[in-house]
Amino acid sequence: MSVTTADTQHATGDIEQRVTALLAEMTLAEKIGQMTQLDASHGNPADYLGERLRSGRLGSVLNLADADTVNELQRIAVEESRLGIPLLVARDVIHGFATVVPLPIGQAASFNPDIARDGARVAALEAARTGVNWTFAPMIDISRDPRWGRIAESFGEDPYLTSVMGAATVEGFQGDDLAAVGTIAACAKHFAGYGAAEAGRDYAATYIPERELRNVHLPPFKAAADAGVAAFMTSFSDVNGVPATGNEFLLRQVLRDEWGYEGIVVSDWDSIRQLWIHGLSEDDRESAYLAVTAGVDVEMAGDTYINHLEPLLNDGEIDIARIDAAAGNVLRLKYELGLFENPYTDPDALPPIGSEQALATAKRAALQSVVMLQNENSVLPLISEELASVAVIGPLADDSYEQLGTWIFDGDPGLSVTPLEAIRKLLGDGAAVRYVKAMENSRSKAGPAFDEAAEAAGASDAAILFLGEESILSGEAHSRADISLPGDQAELVRRIRATGKPVVAVILAGRPLTLTDIVDEVDAILFAWHPGTMGGPAIADLLFGIESPSGKLPATFPRMVGQVPIYYAQRNTGKPATPEKAMLIDDIPVGAKQTSVGNVSYHLDAGYKPLFAFGHGLSYAEFRYDNIALSASEISIGDTIIISADLTNAGDVAAEEVAQLYVRDLAGSTTRPVRELKRFRRIHLEPGQTVNVRFELHTHDLAFYGRDMKLAAEPGEFHAWIGGSSEADLQASFRIVDNQAGD
Ligand code: NOJ
């Protein structure tokens, strides 16, 4: 006889009571079932998962995005199992679903949490049509190594920017009410330190001193926990010798004990079994033991829990309380999602795929994510009325799939509008468009098509090159050791440059690239990341001045890959470089003595600066910052300070600027970064308009884990800068004085 949820005690009361009541009814096998998540991506999952569902031995599935199949699995779980517990249905909905918004690294370039929130909302609405109720996003790993392919999925190098964007993404997916139609559970990943993979090689070991972990890598996770994220996923990597999936310090001490986090902790794909491959355990049984005792509630795509939790419990190695806590966390989320009341999905109750609103959100996100890196002689914007013809060249000008980027399982290239299509539409009959793809893909070598491309450029008033990386060159397990433009793209640029026509490079890529080869060969560079479904229209609007670029770099662009890791929030060293003291290799006199180059911290062949700094991004307007002011020159622990400056649009077009506040703590119990982003704000300014930008900081915002590993702000002198990038030079100083109050 089938039993429905309505027949059981756990159908009433508040969520905690219902969880407790349900747990009391469950067998051990059913509890372990809730701790199990299996792949449902092939064939008909009802065939190979049905029996598990009926016997209550499966709590969630992943990789399924089809309403009929999901509804059928839910029906089996709810109607044919003893306790009728519905399923969590998880999917990697990373940056959009069918409608794809820019890569997270591109969203971060908007420096606008609304972009992340709205994009996640659109993704949730589309994903929910298929019965997906849990996404594995946001990825909030700090990544300071553009070789790492997963920097594409990150919000870049900065803990504060990542915290803000990550929390906004959680809000977008989850809304105010997880039980509402169209909201889905989010998952903060990969806890923790995954982005510090040695050599930027995915899955490689990480070595992160505890202070660095706490000051740099953990804050975005704390922000996600505070934003109410439903789940955490453990990282694949080894963290200081203890792989994250078996790391009690991270999963128990920090996450549960210090932060009081009560959501689900899920492993990464098969990462429990991999504890053995890492060399942390001797076999699967020990792996299961390590993961469950560290605090992993759900095993993704593995069977160590299925096979070993019961024997471990019977042998007294683990306690039933741990199993109850883990299964309880899963049940709690199911109640919060309203799955017991309504396990089924009605796609018609949700907006259609690719709705007008979804496309508008995707376009707005793409517009704000594009960063104008350079614009020599104001070659941009192109003035359509003044152009008789334009050459559109390159492998990424008209590729509806590649512009979507990595992690787009459900992305629909059919919805994409490519740059070529958008440029043609925008120019209409006004100007001829000569299109030459020139390269089969971003990795192709030079060939006869380069001549054709040069001819097209030579015959046109301007050339726009669509260069970069195909989507397959970034993302999980897609790291690169050379992060310059692949294939013979630099050669293509030189060939077009030789025509003497204005050259604009639009670069679509999943990571910061070393553009040193081409930066002097082009007039302007728009860095568009992988901009998603509406990348084409956004780029066209920016090229032709319908909109002004407003993105800012969320990660430093090195000159050479050998500079990596290079990031703005570095510490000073005892011998910081200065322009006078950093003599470059070609300037060293023959026979020079050892000390001739100045003994400062830099590379002889790359200098000490990046090619483009964190926070950099140009506009068609001209922004000026003046009159930095402080509400006080001294504050006590527990006080706030207001730091303000006048921001003026001194140009002749309306545009948006991202004003940024950086702070340096000059002397601490441990050394502090030379600058740290503390606040930012995106502001629209009309030509000639001045706005007084005010940022409020509490001394909490200046706290860090110092010598005693406690989070506190320390008395002393601080510098503050307000400006348009991490190289801002408008500076003021204040002090925190010791009022003995503590923080
Ligand atoms: C492995 C990835 O590391 C993780 O980010 C993803 O969510 C899971 N696979 C599930 O696909």
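Residues numbered from 1 in each chain as written. Predicted model: local features only at pLDDT ≥ 70, side-chain atom pairs only at ≥ 80, totals over all residues. Heavy atoms only, no water.

With respect to spatial proximity, the complete set of residues near the ligand consists of Asp92, Phe136, Arg150, Lys189, His190, Met233, Phe236, Asp268, Trp269, Met300, Trp407 and Glu476. Lys189 places a side-chain nitrogen or oxygen 2.8 Å from an oxygen atom of the ligand. Taking 300 Å² as the accessible area of the ligand by itself, protein coverage stands at 95%. A class-by-class count of the residues in the shell around the ligand yields 6 nonpolar, 1 polar and 5 charged. (Near = heavy atom within 4 Å. Polar contact = N/O pair within 3.5 Å; in protein donor to acceptor, adjacent residues only side chain to side chain. Areas by Shrake-Rupley, 256 points an atom, 1.4 Å probe, with all protein chains shown as cover. Nonpolar A, V, L, I, M, F, W, Y, C, P; charged D, E, K, R; others polar.)

At the junction of Ala137 and Pro138, the peptide bond is cis and its omega measures out at 10 degrees in the coordinates. Among the structural elements, Pro138 can be located in the loop between β4 (134-135) and α7 (159-174). Following Leu380, the chain continues into Pro381 via a peptide bond in cis, with omega recorded as 0 degrees. Mapped onto the elements, Pro381 comes out in the loop between β11 (371-375) and β12 (389-393). If you check the backbone angles, Ala199 has positive phi at about 60 degrees while not being a glycine. Given the relative accessible area of 44%, Ala199 is considered partly exposed. Phi is positive for Trp407, which is not a glycine, with a value near 55 degrees. Here Trp407 lies in the loop between β12 and α16 (419-427). Owing to a relative accessible area of 14%, Trp407 belongs among the buried residues under this scheme. (Helix = DSSP H or I, 4+ residues; strand = E, 2+ residues; numbered from the N terminus. Buried < 20%, exposed > 50% of the residue type's maximum accessible area, 1.4 Å probe, protein only.)

Glancing now at the nonpolar core. Phe173, Phe191, Phe232, Trp259, Tyr305 and Leu309 are the most contacted members of the largest nonpolar core, which has 88 residues in total. The element that contributes the greatest number of residues to this core is helix α6 (residues 113-128), accounting for 7 residues. The two domains that each donate at least three residues to this core are domain 1 (1-85 + 314-336) and domain 3 (623-737). Once residues within four sequence positions are removed from consideration, Phe191 is found in contact with Leu218, Phe221, Phe232, Met233, Thr234, Ser235, Ala244, Leu250, Leu251, Val254, Leu255 and Trp259. Counting residues in hydrophobic clusters, the runner-up holds 41 residues, among them Ile151, Ala391, Ala453 and Ala509. (Core = buried A, V, L, I, M, F, W, Y, C linked by side-chain atoms within 4.5 Å. Domains from an automatic or database assignment. Contact = heavy atoms within 4.5 Å.)

Here the protein chain is partitioned into domain 1 (1-85 + 314-336), domain 2 (365-543) and domain 3 (623-737). Here the C-alpha centre of domain 3 lies 36 Å away from the C-alpha centre of domain 2.

Per-residue confidence for the protein chain averages 96 on the pLDDT scale, and 98% of its residues sit at or above 70. Here residues 1-7 is modelled with pLDDT under 50, and outside its nearest four sequence neighbours on either side it reaches 14 contacts, counting other chains as well. (pLDDT = per-residue confidence, 0-100.)

This brings us to the sheet that holds strand β9 (residues 264-266). Whenever strands of a sheet pair, they do so through backbone hydrogen bonds, lying parallel or antiparallel. With respect to topology, 3 strands assemble into an open sheet ordered β5-β6-β9, the strand pairing being parallel. Taken across any chain shown, the strands that pair with only one partner, and hence form the sheet edges, are β5 (187-191) and β9. Across the sheet, the mean angle from the axis of one strand to that of its neighbour is 25 degrees, orientation sign disregarded. Pairing of strand β6 (residues 231-234) with β9, which is carried by 3 bridges, proceeds in the parallel orientation. Opposite Phe232, over in β9, you have Val265 as the bridge partner. (Pairing = 2+ DSSP bridges. Axes fitted to C-alpha atoms, helices over the stretch in contact; angles between N-to-C directions.)

When you line up the elements, Ser601 lands in the loop between α19 (535-543) and β17 (623-630). What makes Ser601 partly exposed here is its relative accessible area of 39%. Spatially, the C-alpha atom of Ser601 lies 8.6 Å from that of Gly574, the residues being 27 residues apart in sequence. Setting aside anything within four residues of it in sequence, one finds Ser601 in contact with Thr573, Lys575, Pro576, Ala577 and Tyr608.

With burial as the criterion, each face of strand β16 (residues 524-527) is covered, one bearing Ala524 and Leu526 and the other bearing Ile525 and Phe527. Relative to β16, β11 runs antiparallel, the two sharing 4 bridges. Among the inter-strand pairings, Gln374 is bridged to a residue of β16, identified as Ile525. Note that strand β15 (residues 503-508) and β16 share 4 bridges and pair parallel. Note on β16: the bridge partner recorded for Ala505 is Ile525.

Scanning the entire structure with this criterion turns up 38 salt bridges. Here Asp118 and Arg364 are joined by a salt bridge, their closest N and O atoms 3.3 Å apart. Linking Asp118 in helix α6 with Arg364 in helix α15 (residues 356-369), this pair joins segments that are 246 residues apart in sequence. Asp118 sits in the partly exposed class, given a relative accessible area of 30%. Relative accessible area serves as the criterion here: at 34%, Arg364 is assigned to the partly exposed category. Arg495 is paired through a salt bridge with Asp451; the nearest N and O atoms lie 2.6 Å apart. Here Arg495 is found in helix α18 (residues 489-497), whereas its partner Asp451 is found in helix α17 (residues 448-458), with 44 residues between them in sequence. Residue Asp451 is classed as partly exposed on the basis of its relative accessible area, which comes to 40%. (Salt bridge = Lys/Arg side-chain N within 4 Å of Asp/Glu carboxyl O.)

Time to look at the packing of aromatic side chains. Scanning the model with the defined rule gives 21 aromatic pairs in all. With a centroid separation of 5.3 Å and an interplanar angle of 65 degrees, the aromatic rings of Trp134 and Phe136 are classed as edge-to-face. Of the two residues, Trp134 and Phe136, neither departs from the other in class, the shared state being buried. On the numbers, 4.6 Å between centres and 55 degrees between planes, the contact of Phe232 with Tyr261 is tilted. Here the residue Phe232 occupies a position in strand β6, and Tyr261 occupies one in the loop between α10 (248-258) and β9, the gap between them amounting to 29 residues. You'll find Phe232 and Tyr261 in the same group, each marked buried. Following the ring pairs from residue to residue traces out a cluster consisting of Phe111, Tyr160, Tyr568, Phe614, Tyr662 and Phe680. Its guanidinium or amino end placed over the ring of Tyr567, Arg144 lies 4.1 Å from that ring's centre, counting from NZ or CZ. (Phe/Tyr/Trp six-rings, centres within 6.5 Å; stacked < 30°, edge-to-face > 60°. Lys NZ or Arg CZ within 6 Å of the ring centre and 35° of its normal.)

Here we take up the sheet that holds strand β18 (residues 634-636). Spatial strand order, β18-β26-β25-β20-β21: 5 strands in an open sheet with mixed pairing. The sheet terminates laterally at β18 and β21 (676-685), the two strands that pair on one side only. Averaged over all adjacent pairs, the angle separating strand axes in this sheet is 25 degrees, with direction ignored. Sheet topology note: the β18/strand β26 (residues 731-737) ladder contains 3 bridges and is parallel.

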